[in-house]
Amino acid sequence: MKRVDELNAQGIQSVYGVTKYSDRTHEEISVLLGRKGKASSPSTERNIRSPSNGKGNKHYSSSSTLVDWTAAGMVTPVKNQGQCGSCWAHSVTEQIESEWMLAGNAMWEFSVQQVNSCVKKCFGCGGGDTPAGYEYLMGLPKDAGLGSQAWGPYIQSMTEACSGPRCTESCKDLPIEEIETNSRLTGPFATVTGYDYAVPACTGACNAQNMTLLAQNIASHGPASICVNANTWTNYQGGGAVMTTAQCGGFAYDDLDHCVQLTGFNAEANPPYWIVRNSWATDWGNNGYIYLQFDDTNPCGIANEATFVNLGNANVDKEL
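Residues numbered from 1 in each chain as written. Predicted model: local features only at pLDDT ≥ 70, side-chain atom pairs only at ≥ 80, totals over all residues. Heavy atoms only, no water.

(A) Inspection of the packing of helix α3 (residues 87-102) against helix α5 (residues 130-138) at higher detail. Orientation of α3 relative to α5, taken along the N-to-C sense of each, is 60°, at an axis distance of 8 Å. On the basis of their axis angle, the class for α3 and α5 is oblique. Where α3 crosses over α5, the handedness of that crossing is right-handed. Taken together, the residues of α5 that come into contact with α3 (itself represented by W88, S91, V92, Q95 and I96) are T130, G133, Y134 and L137. When its residues are assigned to classes, the contact of α3 with α5 shows five nonpolar, four polar and no charged. (Axes fitted to C-alpha atoms, helices over the stretch in contact; angles between N-to-C directions. Helix = DSSP H or I, 4+ residues; strand = E, 2+ residues; numbered from the N terminus. Parallel < 35°, antiparallel > 145°, perpendicular 65-115°, else oblique. Left-handed = near helix turned anticlockwise from the far one by under 90°. Contact = heavy atoms within 4.5 Å. Nonpolar A, V, L, I, M, F, W, Y, C, P; charged D, E, K, R; others polar.)

(B) Expanded view of the pairing of strand β8 (residues 307-311). Within β8, four of the five residues are buried, which leaves the element mostly enclosed by the surrounding structure. Sheet topology note: the strand β2 (residues 192-197)/β8 ladder contains five bridges and is antiparallel. In the strand pairing of β8, V192 is matched with L311. (Buried < 20%, exposed > 50% of the residue type's maximum accessible area, 1.4 Å probe, protein only. Pairing = 2+ DSSP bridges.)

(C) How the structure looks around the packing of aromatic side chains. Per the stated rule, a full pass over the model turns up twelve aromatic pairs. Note on W100 and F110: the rings are 5.3 Å apart at their centroids and 75° apart in plane angle, and the pair reads as edge-to-face. One end of the pair, W100, is in helix α3; the other, F110, is in the loop between α3 and α4 (112-118), with ten residues separating them in the sequence. Relative to F294, the ring of W274 has its centre 4.6 Å away and its plane inclined at 55°; by these criteria the two rings are tilted. In this pair, W274 sits in strand β6 (residues 273-277) while F294 sits in the loop between β7 (289-293) and β8, placing the two residues 20 residues apart along the sequence. A relative accessible area of 0% places W274 in the buried class. The class of F294 is buried, set by a relative accessible area of 18%. Ring pairs connect the aromatic residues Y21, W233, Y236, W280 and W284, which therefore count as one cluster. (Phe/Tyr/Trp six-rings, centres within 6.5 Å; stacked < 30°, edge-to-face > 60°.)

Here it is as structure tokens:
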């Protein structure tokens, strides 16, 4: 409660309170914060998206002041990563799901378990980073890709903590070479051809990120996968409260410890806020979402590693 009072004193609203995580130790909480990629900084050679009405969507323009891709039906239901540091795998998968729907397909859920188990550059429940997830999928054969949730369901423990590759479900149990064959029974798979940044990636102090460009790209292209500093999120109580940049703590690249999805913003509200989807189930925050301060600051580092993914087969079947 002392920690809650100290954090609330830094903001303009009562953001923090008792949540399902409030009685956990730092070590227990660290299991949830699975962004591990600081040894390999994001590539600065990747393309930066330009604001446009890409994909021909009719939802928002780059000048929109209220953008909510969940309300627009381009975001799958909030997931629960359980007691596994698989936030990075959830963020990769959620981004692919949104891109799939933006291409004109019906809502579809893909296999978080495949990403969590099979990316060799990462550590499964011990953590990972989103670019490594994309690159794994880019390297798969043409007759493979990211399988459906029905093909590779998420089976990491919901009750027992798992924070390393040893307790992560084995990739050997997922017949990647049979994805195309199995898709006739389990539904479509997604192929990834590349990924772009919403704004130039940052590997330093990150105090000059282009937040206007980020908002324009979220409006015109859709949700983005992001990695953040979520060190103070566990006591976020929701209720529509907006967490300030000061309450977030550090926003440098080295502060990032969690990966989620940026699904919109409300610049018309008082105070205005970014809309961020988490993977801690719907009994946390605002039905699984958190609102962060919207201005020219970089709250929780949301602009440091914001990515869009490019799909190779998103138009194969729009009659799901």
